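Residue-level structural notes
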Amino acid sequence: MTADAGTSIGLVWVPPALALLGFVLNGTIAFVRPQAKTAVSIIGAGVLLAGFAVAVTIFTGFAALHPEAAVVARYWSWIPVGTLQVDFAFQVDQLSLVMLLVVTGVGSLIHLFSIGYMKADPGYARYFAYLNLFVFFMLVLVLGANFPVMFVGWEGVGLCSYLLIGFWFSEKANADAGRKAFIMNRIGDFGFMVAMFIIFWVTGSLDFATVFAAAPTALTAGGGAITAITLFLFLGCTGKSAQIPLYTWLPDAMAGPTPVSALIHAATMVTAGVYLVARCNLLFAMAPVSSAVVAGVGALTALFAATIALKQWDIKKVLAYSTISQLGYMFVGVGTGAISAGVFHLATHAFFKALLFLGSGSVIFAMHRAYHHAHLHDDAQDMRNMGGLRRWMPWTSALMWIATLAIAGIPPFSGFFSKDEILAAAFARGTAQPIWLLFWALGLIAALLTAFYMTRMMLYTFHGPNRTGDGAREHLHEAPWIMTGPLVVLGMLSVAGGLLNIPELYKGGAWLHHWLEPVTAPGAALLPETHLSHGTEWALVGVAVVVALAGIAGAWRLLKPESLVPAPQSPEERGFERILRNKWYVDEIYDALIVRPLVWLSREVLWKRIDQGAIDAGAVNGAARGARAAGWANRWLQTGQVGVYVAAFVVGVLLLLWRAVGGRS
Amino acid sequence: MLNPALSVSAVLFTLGVAGVLFRRNAIIIFMCVELMLNAVNLTFVALAQVIGVGGQVFVLFVMAVAAAEAAVGLAIILAVYRHKQSVSLQNMNLLKDG
Amino acid sequence: MLSALLCITRRNPVASALWLVVTLFALAGLFVLLDAQFIAVLQVLVYAGAIMVLFLFVIMLLNLGRPGPSDIKGPAGVLTAVVLAGAMLVLLRPVSNAALSEGVTLPPGSVAALQQQQGIVGSVAGPLFEAYLVPFEIASVLLLAAIVGAVVLAKRKL
């Protein structure tokens, strides 16, 4: 069913177009008049808010229509080559609408926050230009109706991530971080592309509707082709969504402005991988090995990242590893086949993680300003320099506590419902296939650690004595309302977000689950039937809550903010703590095993031998030498000497004679 | 009689070509060209034996043309000599490029 | 053949010319053997008589009478000439050994028979004025043009 321009569904092109317009306008302003901050603010945030409004109308229009299948709006024929027909087309269905609302909604709030946060930055216009461009690409990603269009968005958000991480590129570390993110993403993109090739090869099309309709017949469930496709797709996900082994770029990406971290590395871009698996849930359901890999990697990453977060001192790094960990949860969800659970957690995580990041942004903003006024240059992001900020930033503190409770999974906050549903789904599948019980256990331990390190973060930042230093302390105060306002909205969403999908256990309507059913049903039909008794379900809920409370209580008891010392005077960690502090030395391992050999190879072989030797000396200079030799040889023909001409003439005659006489002897 | 005659003609022609190739004096080269023409005449006459008397008629024409060509060619050599004071082919390089 | 070889290798232009004359006479003899008596006579009269005399005149005019320095090109030139000449010989071999198909050839002695009938001159003149009349006229025009051209080219002042 194609889009009818009369209904609001036909407006699906408007939000991306608005974002692109914002990019163009803000980009122009960045070049022409970078000081025009008011205009940039209005344009930058305005296009997002307008986009959100349009998204809501599309949503209501779609919900009222109750269409059978997805609505595809084809805009133009993009790649008509042989048997391949790829159109630039957007797909409006239940899943893409959820993503559309999350991206535009949370995006708008972050844009509003940025107006306050980036107020003093000279690159203000450039920032909003990039941010708008990012939203454009993200919308293309979630609205795409076929793999290539989605890939355009996929690559585009990677590009914008690079631009925004390295926003303050005059610092080499920031530029390096941007580059690291982009390159690791590319490794994943390679996986995505290979998967696309195989999909086309097997099904002859790249449109979602066609591929998913053809997949059950064109591919054998559990066979090599489908496993290859899904594994390569997941490789792309590990890159984009920072799972093992391609996650190391995300902590480094904290070098970018904090609202960027909130938008890109918490709420939207990193969730693209989860969206991909959700979109291709039929394919993953047909490949149980890959699904297990997805869930396994997700669970492992969840636990692994949580351990690292335990010992980080930079407030943003804690949140970065927390994001990686929570993404792991989402992958457990979609890997288990509980697509709606994974998407549910995607939405709730967007709410509370954006809140956490923006809140930390407020904190950093305040610390920065305090240090600035006191003419100090201490690290504004190190928790050892904070402490007791509750006194000066009550709103931020309260809101961040809400988010912490949500992420730890305390009822009735949103995170409780989403996380719990994932764990329940894993356990349920574990009754049929035992390995999933392991994933459930890993997830549970990670939940414990999550509660612990989040409480730790809150303790060190907002409670206990203040370690900021006397000179700076008197300049600390709450963030301006343009920044705190969005935090309030996000706080409300973190609390109420659970309403999206209250499971039947609590006599809720499981609204999101039913809403997504048209998208998830084909895949769900292929999964093993699992059923948990009510008793088991209540038990699981109980265990999860106990674990979360234990984490919080444990942190509250064991950690002593009073014994902390400001960062410059802090002692070095020793032993196991040191391993955690240094992220299990994964970056160093990658550097030694992969980066260094590659650099060596590039320099010695590719540069010196091939580029210089073969191509420069051989091909380029060789061509010149050949031309010169040919010229020198041909010189003889132009001497003007009649004798030479005669000789040439005779040679010509001989050739003719030879042709005429041939082999006749 | 035909084949030996043709062979002789071939040899004469080749000698003429060789002469054209390795001599520098323009007049001598011209003479070698005449030699070639005569070789061709011999071919025609030999073939007239088997094809018809038209061969001999053609020889007549060849001779006429040869005469004309000799006249004009020698006139050209005279003119060139007046400019260059030499008939050596090496000095006749006005066609040289650049 | 021998005289031809000598012709092309003499240093003295006059000697070369005279050897060419010898060659022409030899050719005339060959023509007679091939039942082309008229042509033979013509050869002697026109070629050896007029054309070669013209050559000698020019040689004398340009004062090339004395044997000058060798104008045979250096070893490179000789080598080229030998190679190319050899190639030509090899290629011409099949031509000279060719046998024409039956349909084209006339029975042997037919030219002699023709000459019996119409006389030696008549056998050539007949086709000349009948079948080949147009080329005959054109040849005369050609000779005219050659005369005019030669006079123009050799004048001192136009």
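What you are looking at is a predicted structure, and each value in this text was computed from that prediction instead of being measured.

This part is about the overall build of chain B. Secondary structure assignment for chain B yields three helices and zero strands. Ordered by position from N to C terminus, the α and β elements of chain B give α-α-α. For chain B, with 98 residues in total, the buried portion stands at 56%. Residue pairs at least 24 apart in sequence account for 51% of intrachain contacts in chain B once pairs closer than 6 positions are excluded.

Looking now at the packing of helix 3 (residues 54–84) of chain B against helix 3 (residues 37–61) of chain C. Following both chains from N to C, one finds helix 3 of chain B and helix 3 of chain C inclined at 5 degrees, their axes separated by 10 Å at the closest point. Relative to helix 3 of chain C, the element helix 3 of chain B lies roughly parallel. Of the residues in helix 3 of chain C, those touching helix 3 of chain B at Gln-56, Val-59, Met-63, Ala-66, Ala-67, Ala-70, Ala-71, Leu-74, Ile-77 and Leu-78 of chain B are Ile-39, Leu-42, Val-46, Tyr-47, Ala-50, Ile-51, Leu-54 and Val-58 of chain C. When grouped by side-chain class, the residues that make up the contact of helix 3 of chain B with helix 3 of chain C number 17 nonpolar, one polar and no charged.

With that out of the way, let us pick up the pairing of strand 2 (residues 84–92) of chain A. All names here are of chain A. In terms of strand pairing, strand 1 (residues 71–81) meets strand 2 through nine bridges, oriented antiparallel. Bridging from a neighbouring strand, Trp-76 pairs with Phe-88 of strand 2. Taking the residues between adjacent antiparallel strands as the criterion, strand 1 and strand 2 are bridged by two residues, where Gly-82 takes a positive phi near 60 degrees.

A word on the environment of Glu-517 of chain A. Looking at the secondary structure, you find Glu-517 of chain A in helix 22 (residues 517–524). Glu-517 of chain A sits 423 residues away from Gln-94 of chain A along the chain, and the two C-alpha atoms are 8.4 Å apart.

Counting 219 residues, the largest nonpolar core has Phe-134, Met-138, Leu-139, Ala-354, Leu-355 and Ala-426 of chain A as the members making the most contacts within it. Tallying contributions element by element places helix 15 (residues 339–373) of chain A first for this core, with 21 residues. Other than its neighbours up to four places away in sequence, Ala-354 of chain A contacts Val-106, Ile-110, Ala-262, Ala-266, Ala-267 and Leu-490 of chain A. Counting residues in hydrophobic clusters, the runner-up holds 69 residues, among them Phe-44 of chain B together with Cys-7, Leu-84 and Leu-92 of chain C.

Turning to the confidence of the model for chain C, a few remarks are in order. All names here are of chain C. Mean pLDDT over chain C stands at 75; residues scoring 70 or higher make up 74%. Helix 5 (residues 110–118) is the least confidently modelled element of chain C, averaging 68 in pLDDT, while helix 7 (residues 133–154) averages 87, the highest of any element. Across the interfaces of the predicted complex, the ipTM metric reaches 0.78, alongside a pTM of 0.68.

One turn of an α-helix holds 3.6 residues; hence residues three or four places apart share an orientation. Here helix 3 of chain C contains 25 residues, and its C-alpha end-to-end distance of 34 Å stays within 8% of the 36 Å for a straight helix at 1.5 Å per residue. Taken as a whole, helix 3 of chain C carries its principal kink of about 30 degrees at Gln-43 of chain C. Looking at helix 3 of chain C, one finds that the buried residues are Phe-38, Ile-39, Ala-40, Gln-43, Tyr-47, Ile-51, Phe-55, Val-58 and Ile-59 of chain C. Looking at the packing, one finds that the buried side of helix 3 of chain C touches helix 2 (26–51) and helix 3 of chain B together with helix 2 (13–33) and helix 6 (120–129) of chain C. Trailing helix 3 of chain C by a residue or two, Asn-63 of chain C shows a phi angle of about 55 degrees, which is positive.

Take the interface of chain B and chain C next. Contacts between the two partners involve 59 residues from chain B, matched on the other side by 65 residues from chain C. When contributions to the side of chain B that touches chain C are tallied by element, the ones reaching two or more residues are helix 1 (2–22), helix 2 and helix 3 of chain B. The element that contributes the greatest number of residues to the side of chain B that touches chain C is helix 3 of chain B, accounting for 22 residues.

Our focus in this paragraph is unusual backbone geometry. Residue and element names in this part refer to chain A. Residue Ile-244 is joined to Pro-245 through a cis peptide bond whose omega torsion reads 0 degrees. Summarising the element assignment, Pro-245 is placed in the loop between helix 8 (224–240) and helix 9 (249–252). In this structure, Ala-242 takes a positive phi of about 55 degrees despite not being glycine. Within the secondary structure, Ala-242 sits in the loop between helix 8 and helix 9. We classify Ala-242 as buried; it has 30 C-beta atoms within 10 Å.

The rules behind the values
- Residues numbered from 1 in each chain as written.
- Chains lettered and ligands numbered in written order.
- Predicted model: local features only at pLDDT ≥ 70, side-chain atom pairs only at ≥ 80, totals over all residues.
- Helix = DSSP H or I, 4+ residues; strand = E, 2+ residues; numbered from the N terminus.
- Buried ≥ 20, exposed ≤ 12 C-beta atoms within 10 Å, placed from the backbone.
- Contact = placed C-beta atoms within 7 Å.
- Axes fitted to C-alpha atoms, helices over the stretch in contact; angles between N-to-C directions.
- Parallel < 35°, antiparallel > 145°, perpendicular 65-115°, else oblique.
- Nonpolar A, V, L, I, M, F, W, Y, C, P; charged D, E, K, R; others polar.
- Pairing = 2+ DSSP bridges.
- Core = buried A, V, L, I, M, F, W, Y, C linked by C-beta atoms within 7 Å.
- pLDDT = per-residue confidence, 0-100.
- Expected span 1.5 Å × (residues − 1).
- Bend = angle between axes of the 7 residues up to and from the residue.

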